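# Observations on the model geometry
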Amino acid sequence: MPPPAPKKFLVIALAGIGDALISTPLIRELRTNFPDAEIDALVFWAGSRDLLAGNPYLRRVHQCNSFEVGAPAFLKFMFGLRKERYDVSINTHPQSKLEYRIVARIIGAQQRLSHTYDNSNFLDELLVTRAMPQDYSIHSADNNLK
């Protein structure tokens, strides 16, 4: 018997408005493949939140800017997302900063997906459960879909 399909996804697109936009084909594919799932997004910038707010495939867009609220409030917000009990979090491409994978670990989805980056190191094995190889010869949106 196959394992049950994931019910809650979190698409993490913290880098900027462009990266939030590039995550939209992935969000659409998640909805197509998991029509009954709850799909949320996490963004850093208010502009990214505004961009994704009207996306019909998303249930909710979480937004918190650590520069505006400060580190303690940002960490409290991230630990609050643990209560959502996401089955899968996906760090969208390109988010090569270690900090983005730390955020995924704090949120604590059972499966934490990311890409392998040139600056990846032993910590990545602790932070993500699966790292997909990236292909610099294709667009970032296509790397997300892979």
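Scroll up for the structure.
Residues numbered from 1 in each chain as written. Predicted model: local features only at pLDDT ≥ 70, side-chain atom pairs only at ≥ 80, totals over all residues. Heavy atoms only, no water.

We now examine the packing of aromatic side chains. Applying the stated criterion to the full structure yields 5 aromatic pairs. Relative to Phe34, the ring of Phe9 lies with its centre 4.8 Å away and its plane at 50 degrees, an arrangement referred to as tilted. Taken together, the positions of Phe9 in strand β1 (residues 8-13) and Phe34 in the loop between α2 (24-33) and β2 (38-43) put the pair 25 residues apart, joining distant regions of the chain. A relative accessible area of 23% means that Phe34 is categorised as partly exposed. Ring centres of Phe44 and Phe67 lie 5.5 Å apart, and the angle between their planes is 80 degrees; this geometry places the pair in the edge-to-face category. (Phe/Tyr/Trp six-rings, centres within 6.5 Å; stacked < 30°, edge-to-face > 60°. Helix = DSSP H or I, 4+ residues; strand = E, 2+ residues; numbered from the N terminus. Buried < 20%, exposed > 50% of the residue type's maximum accessible area, 1.4 Å probe, protein only.)

Running from N to C, helix α5 (residues 71-82) and helix α6 (residues 98-107) point in directions that differ by 50 degrees, and their axes come no closer than 7 Å. On the basis of the axis angle, α5 is oblique to α6. Every residue of α6 that contacts α5 at Phe74, Leu75, Met78, Phe79, Leu81 and Arg82 is listed here: Val103, Arg105, Ile106 and Ile107. Its residues placed into classes, the contact of α5 with α6 shows 8 nonpolar, no polar and 2 charged. (Axes fitted to C-alpha atoms, helices over the stretch in contact; angles between N-to-C directions. Parallel < 35°, antiparallel > 145°, perpendicular 65-115°, else oblique. Contact = heavy atoms within 4.5 Å. Nonpolar A, V, L, I, M, F, W, Y, C, P; charged D, E, K, R; others polar.)

Looking now at the nonpolar core. Counting residues in hydrophobic clusters, the biggest one holds 18 residues, and the most contacted among them are Phe9, Val11, Leu30, Ile39, Leu52, Leu58 and Ile90. Mapped by element, the contributors of at least two residues to this core are β1, α2, β2 and β4 (88-91). Apart from residues no more than four positions distant in its own chain, Leu58 is found in contact with Ile27, Ile39, Asp40, Ala41 and Leu52. (Core = buried A, V, L, I, M, F, W, Y, C linked by side-chain atoms within 4.5 Å.)

None of the figures reported here should be taken as evidence of function without further support.
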